[in-house]
Amino acid sequence: MSSFIITADPGIQPNTDGLPGLPALQHMIGALLPFGLAVCVAVFVISAAAWGTGSINGNAGYASKGKFGCLIAVGAAILISSANGIIRFFSGITIA
């Protein structure tokens, strides 16, 4: 026999005027997005150089770490550039 815990909806909705400074915070976070993408480009370039150097010298360790770094940089760039859409999508989901 299983027991269920029934919780009631507290009725709290997000608002934008509860605390001061939200527009400034949004502006600062928006300014951080290009820096994150620039870091991803730098990591991709460094990883590609390590991949190429490792391949040319026959060093499989450097080559595989370079490949992995390139994949991480591309994945991070995709997540950073699609962060608004991802958060907007998941914030609209309601749990019944």
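Thresholds applied
Residues numbered from 1 in each chain as written. Predicted model: local features only at pLDDT ≥ 70, side-chain atom pairs only at ≥ 80, totals over all residues. Heavy atoms only, no water. Helix = DSSP H or I, 4+ residues; strand = E, 2+ residues; numbered from the N terminus. Expected span 1.5 Å × (residues − 1). Contact = heavy atoms within 4.5 Å. Axes fitted to C-alpha atoms, helices over the stretch in contact; angles between N-to-C directions. Parallel < 35°, antiparallel > 145°, perpendicular 65-115°, else oblique. Left-handed = near helix turned anticlockwise from the far one by under 90°. Nonpolar A, V, L, I, M, F, W, Y, C, P; charged D, E, K, R; others polar. Phe/Tyr/Trp six-rings, centres within 6.5 Å; stacked < 30°, edge-to-face > 60°. Buried < 20%, exposed > 50% of the residue type's maximum accessible area, 1.4 Å probe, protein only. Arc of directions from axis to C-beta.

### Let's talk about helix 1 (residues 22-57)
Next, step 1: Taking 1.5 Å of rise per residue, the 36 residues of helix 1 would be expected to cover 52 Å, and the 52 Å separating its terminal C-alpha atoms lies within 8% of that figure.
Next, step 2: Where helix 1 is buried, its residues contact helix 2 (60-81).
Next, step 3: Downstream of helix 1 by one or two residues, Gly-58 has phi in the positive range, about 75°.

### Digging into the packing of helix 1 against helix 2
Next, step 1: Across the interface, helix 1 lies against helix 2 with an axial gap of 7 Å and an inter-helix angle of 160°. The angle between the axes of helix 1 and helix 2 places the two elements in the roughly antiparallel class. Helix 2 is crossed by helix 1, and the crossing has left-handed handedness. Each of Leu-33, Gly-36, Leu-37, Cys-40, Val-43, Phe-44, Ser-47, Ala-48, Ala-50, Trp-51, Gly-54 and Ser-55 in helix 1 lies in contact with helix 2, whose residues at this interface are Tyr-62, Ala-63, Gly-66, Lys-67, Gly-69, Cys-70, Ala-73, Val-74, Ala-76, Ala-77, Ile-80 and Ser-81.
Next, step 2: Here the residues of the contact of helix 1 with helix 2 sort into 16 nonpolar, 7 polar and 1 charged.

### Some points on the packing of aromatic side chains
Next, step 1: As enumerated under the stated definition, the model contains 1 aromatic pair in all.
Next, step 2: Both rings, one in Phe-89 and one in Phe-90, keep their centres 4.9 Å apart while their planes meet at 80°; by these two values the pair is edge-to-face. Each of the two residues, Phe-89 as well as Phe-90, counts as exposed.

### A look at helix 2
Next, step 1: The terminal C-alpha atoms of helix 2, which comprises 22 residues, lie 32 Å apart, in line with the 32 Å expected from a rise of 1.5 Å per residue.
Next, step 2: Along helix 2, the residues that are buried comprise Ala-63, Gly-66, Gly-69, Cys-70 and Ala-73. For helix 2, the buried positions fall inside an angular range of 120° around the axis, keeping them on one side. Turned more than 90 degrees away from the buried face of helix 2 sit Ala-60, Lys-65, Phe-68, Leu-71, Ile-78 and Leu-79, all of them exposed.

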